[in-house]
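Examination of the molecular architecture
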Amino acid sequence: MKRFLMKVAPVALYMLLATGPLFAQNDSIVVRDLQLKLKPPLRIGLTGGGSVPTGNFAKTDYTDLRSGFAGPGFNLGLTGTYMITQHWGIAGLVSYSRYDQSGLDNLAAGYVASFAVSDATIRVKDDTHTFSYLIGGDYSLDFCHRIAIDLRAMTGLVHAQLAGYEVQLEDNVSSTFQQRSARANTIGYQIGVAARYNFNSRVGIALNFDYYYSDPDLSIENVNRANNAGRLLTRYNEPITGVNTDLSLVYTFQKNR
């Protein structure tokens, strides 16, 4: 027995020493794969959908100078999120939102009454829109391999334009006047939630709901306004608020060493 152990022990020791590096190599591969999975990804997305204004911005009351006469429109944007940890990341958004003009019949009827004429024609000049350049934080929570919820809050620069319009009274060119479009820059913010579905490790889609707010101070120029009767705006300083409902196409870049 002693002689057998003396013969077998060197062989066993040799095999242990020989296979040790293989186990270490396998462990290294497992650790490396785990590290790759845990590395924070970068997500970018193309987003677009409907934009519904709220508050005074959406009011169409001729007698209320706070009315913005903005109707439902659309928005398009580019998003980016860099995950610092498994759940927390930095989010950015560049977007364009355009709004329809609503309540033009109310404007026409109001000018008819204010100027005591039989007819008034309203023509919209330019459009109402915003450009937003926002950055902030993102919190992501994975529910399973394919479904995740993203919460984000961002702030930044908003460039806003309020549409102008031309008013022609009783088809009389000489009595035509204009409220020109106005532009201003301001600080705004946006908060929202998204439900994301991943088709695979790279491509997914997300349904976003976001609330936005900005408060530009718009100076308005009136042209050929000889009679100051009725609705006359020289400044508009009401918040631009609303809700975006978007569908986003998301692509994930996995960060590797």
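About the cut-offs
- Residues numbered from 1 in each chain as written.
- Predicted model: local features only at pLDDT ≥ 70, side-chain atom pairs only at ≥ 80, totals over all residues.
- Heavy atoms only, no water.
- Helix = DSSP H or I, 4+ residues; strand = E, 2+ residues; numbered from the N terminus.
- Buried < 20%, exposed > 50% of the residue type's maximum accessible area, 1.4 Å probe, protein only.
- Contact = heavy atoms within 4.5 Å.
- Pairing = 2+ DSSP bridges.
- Phe/Tyr/Trp six-rings, centres within 6.5 Å; stacked < 30°, edge-to-face > 60°.
- Axes fitted to C-alpha atoms, helices over the stretch in contact; angles between N-to-C directions.
- Expected span 1.5 Å × (residues − 1).
- pLDDT = per-residue confidence, 0-100.

**Describing unusual backbone geometry**
Phi is positive for Ala116, close to 55 degrees, though the residue is something other than glycine. By the secondary structure assignment, Ala116 is in the loop between helix H2 (104–115) and strand S4 (120–125). Judged by relative accessible area, which is 71%, Ala116 ranks as exposed. The backbone phi angle of Asn224 is positive, close to 60 degrees, even though this residue is not glycine. Within the element layout of this structure, Asn224 appears in the loop between strand S12 (222–223) and strand S13 (235–236). Looking at Asn224, the relative accessible area reads 47%, which means it is partly exposed.

**Points about the side chain of Ser132**
Mapped onto the elements of the fold, Ser132 is located in strand S5 (residues 128–142). Setting aside anything within four residues of it in sequence, one finds Ser132 in contact with Leu93, Val94, Ser95, Leu157 and Val158.

**Quick notes on the pairing of strand S14 (residues 240–253)**
Here 13 bridges tie strand S1 (residues 42–54) to S14, and the two strands are oriented antiparallel to one another. Paired with Gly50 across the two strands is Thr245, which belongs to S14. The pairing of strand S10 (residues 203–214) with S14 spans 12 bridges and is classified as antiparallel. The residue bridging Ser214 from the neighbouring strand is Ile240, located in S14.

**Quick notes on the packing of aromatic side chains**
Throughout the structure, instances matching the rule amount to 12 aromatic pairs. Judged by centre distance (5.7 Å) and plane angle (70 degrees), the ring pair of Tyr111 and Phe177 falls under edge-to-face. Of this pair, Tyr111 sits in helix H2 while Phe177 sits in strand S8 (residues 177–179), and the two are 66 residues apart along the sequence. Across the pair, Phe177 and Tyr111 agree in class, each one buried.

**Here's the deal with the sheet that holds S12**
As summarised here, the arrangement of the 4 strands in space is S4-S7-S8-S12, forming an open sheet in which the pairing is antiparallel. Only two strands of the sheet have a single partner each, and these edge strands are S4 and S12. Sheet strands in contact with H2 are S4, strand S7 (164–169) and S8, and its direction is about 135 degrees off that of S4.

**Notes on H2**
Residues separated by three or four positions in an α-helix point in the same direction, a consequence of the helix having 3.6 residues per turn. Counted at 1.5 Å a residue, the expected span for H2 with its 12 residues is 16 Å, and the 16 Å between its end C-alpha atoms agrees. Looking at the buried positions of H2, the neighbouring elements they touch are S4, S7 and S8. Downstream of H2 by one or two residues, Ala116 has phi in the positive range, about 55 degrees.

**Quick word on the pairing of S7**
In the case of a regular strand, side chains alternate between the two sheet surfaces. Burial runs high along S7: 6 of the 6 residues are buried. Side-chain alternation along S7 places Gly164, Glu166 and Gln168 on one buried face and Tyr165, Val167 and Leu169 on a second face that is also buried. Looking at chain direction, S4 and S7 are connected through 6 bridges and run antiparallel. Across the sheet, Thr121 pairs through a bridge with Gln168, a residue of S7. In this sheet, S8 lies alongside S7 in antiparallel orientation, the contact comprising 3 bridges.

**A few points about the environment of Cys144**
By the element assignment, Cys144 lies in the loop between S5 and strand S6 (147–162). Assessed through its relative accessible area of 43%, Cys144 is described here as partly exposed. It is 9.9 Å that separates the C-alpha atoms of Cys144 and Tyr197, two residues lying 53 residues apart in sequence.

**As for the confidence of the model for the protein**
Averaged over all residues, the pLDDT of the protein is 86; the fraction at 70 or higher stands at 83%. Residue range residues 1–38 is modelled with pLDDT below 50. Its contacts to residues more than four positions away, or to other chains, number 4 contacts.

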